[in-house]
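Inside the fold
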Amino acid sequence: MKVSVFGNPDVKIDSLVVGLVSELKLRLPEVEFIVEDPSEGLKPPKDGVWVILDVATGIDEIKVFEDLSKLSATRKSSLHDYDVAMELLLLKKIGRLVKVKIVAVPIEMEREKAFKEIINILESS
C-alpha cells in the first residue's frame with residue numbers, strides 16, 4: 001500500500017503527520033509513505049485505493065473520508081484546502097481517480113494518540 005502524506009514540516013500547524021512518517025515507516029514497513037507537496041499537483045496511483053494522510057481543521061477526532069462529495073461540502077479554511085479538494089474532484093471527474101481514502105487528523109491532536117490511531121486505520125485498510 002502507498003500512502004501520500006501531505007503537510008509542511010516547517011509550519012507547526014501543518015507538520016503533525018509529516019513528523020510521524022519515520023515512526024510510521026518503522027511500525028508499518030510494508031507501507032510506502034511518500035511525503036508530497038499537493039501544490040505541485042496531485043499524483044494518484046493508476047489503480048487501487050489512493051490513501052492520503054493530512055491534517056485538518058474543524059474536527060475533534062480522526063476522520064476517514066472516502067466520499068469526495070463530503071469533502072467538498074466541508075467549510076474551507078484555507079486556499080490549500082480548497083485547491084486539494086477541487087483537484088481531487090477534477091481528477092475524479094476526468095477518470096484519473098478511481099478510489100480515495102483521506103485520513104484527516106486534527107491539527108491539535110496529541111502526537112502519540114495520532115500515531116496510534118493512524119496505525120489502527122492503516123492496519124485495517
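This text gives an overview of the structure that appears in the document. The shown structure was predicted, so the numbers you read here are calculated from the model rather than taken from an experiment. Residue numbers run consecutively from 1 along every chain, following the written order of its sequence. In view of the model being predicted, local features appear only for residues whose pLDDT reaches at least 70, and side-chain atom pairs are presented and counted only at 80 or more, with totals across whole chains, interfaces and linings using the full set of residues. The side-chain figures draw on all heavy atoms in the structure; neither hydrogens nor water molecules are used.

Description of the pairing of strand E1 (residues 2–6)
Burial analysis of E1 places 4 of its 5 residues in the buried class, which makes it a mostly covered element. Each pair of strands is called paired provided DSSP finds at least two bridges between the two strands. Every helix listed is a DSSP run of H or I at least four residues long, and every strand listed is a run of E at least two residues long, numbered separately from the N terminus. Judged from the 5 bridges that link them, E1 and strand E2 (residues 32–36) form a sheet pairing that is parallel. Bridge pairing in E2 places Val5 opposite Val35. Two strands pair when backbone bridges link them, and E1 and strand E3 (residues 49–56) are joined in this way by 3 bridges, in the parallel orientation. Each bridged residue has a counterpart across the sheet, and for Val3 the counterpart in E3 is Val51. Only protein chains enter the calculation, and the probe is 1.4 Å; a residue is then buried if its accessible area is under 20% of its type maximum, exposed if over 50%, and partly exposed in between.

Some words on the side chain of Glu36
With respect to the element layout, Glu36 can be found in strand E2. As used throughout, the charge tally considers Lys and Arg to be positive and Asp and Glu to be negative, leaving His and the chain termini uncounted. We define a salt bridge as a contact between a side-chain nitrogen of Lys or Arg and a carboxyl oxygen of Asp or Glu at a distance within 4 Å. In this structure Glu36 is buried but unpaired, with Lys43 as the nearest side chain of opposite charge at 4.4 Å. Here a residue-residue contact requires only that any non-hydrogen atoms of the pair lie within 4.5 Å. In this view, Glu36 contacts Ser4, Val5, Phe6, Gly7 and Lys43; residues no more than four positions away in its chain are not counted.

Considering the environment of Ile62
One can find Ile62 in the loop between E3 and strand E4 (63–65). Look at Ile62 and you get buried, because its relative accessible area is 10%. C-alpha of Ile62 to C-alpha of Met109: the two residues are 47 residues apart in sequence and 8.7 Å apart in space. Setting aside its immediate chain neighbours within four residues, Ile62 contacts Val103, Ala104, Val105, Pro106, Met109, Ala114, Glu117, Ile118 and Ile121.

Quick notes on the pattern of salt bridges
Tallying each qualifying case throughout the model produces 4 salt bridges. Across the pair Lys2 and Glu32 runs a salt bridge whose closest N-O atoms are separated by 3.9 Å. Taken together, the residues span a long stretch of sequence, with Lys2 in strand E1 and Glu32 in strand E2 at a distance of 30 residues. For Glu32, a relative accessible area of 40% translates into the label partly exposed. Taking the shortest distance from any N to any O, the salt bridge between Glu23 and Arg111 comes out at 2.2 Å. You can see Glu23 sitting in helix H2 (residues 21–27) and its partner Arg111 sitting in helix H5 (residues 111–123), a full 88 residues away along the chain. On the basis of relative accessibility, which here comes to 26%, the residue Glu23 falls in the partly exposed class. We classify Arg111 as partly exposed; its relative accessible area is 36%.

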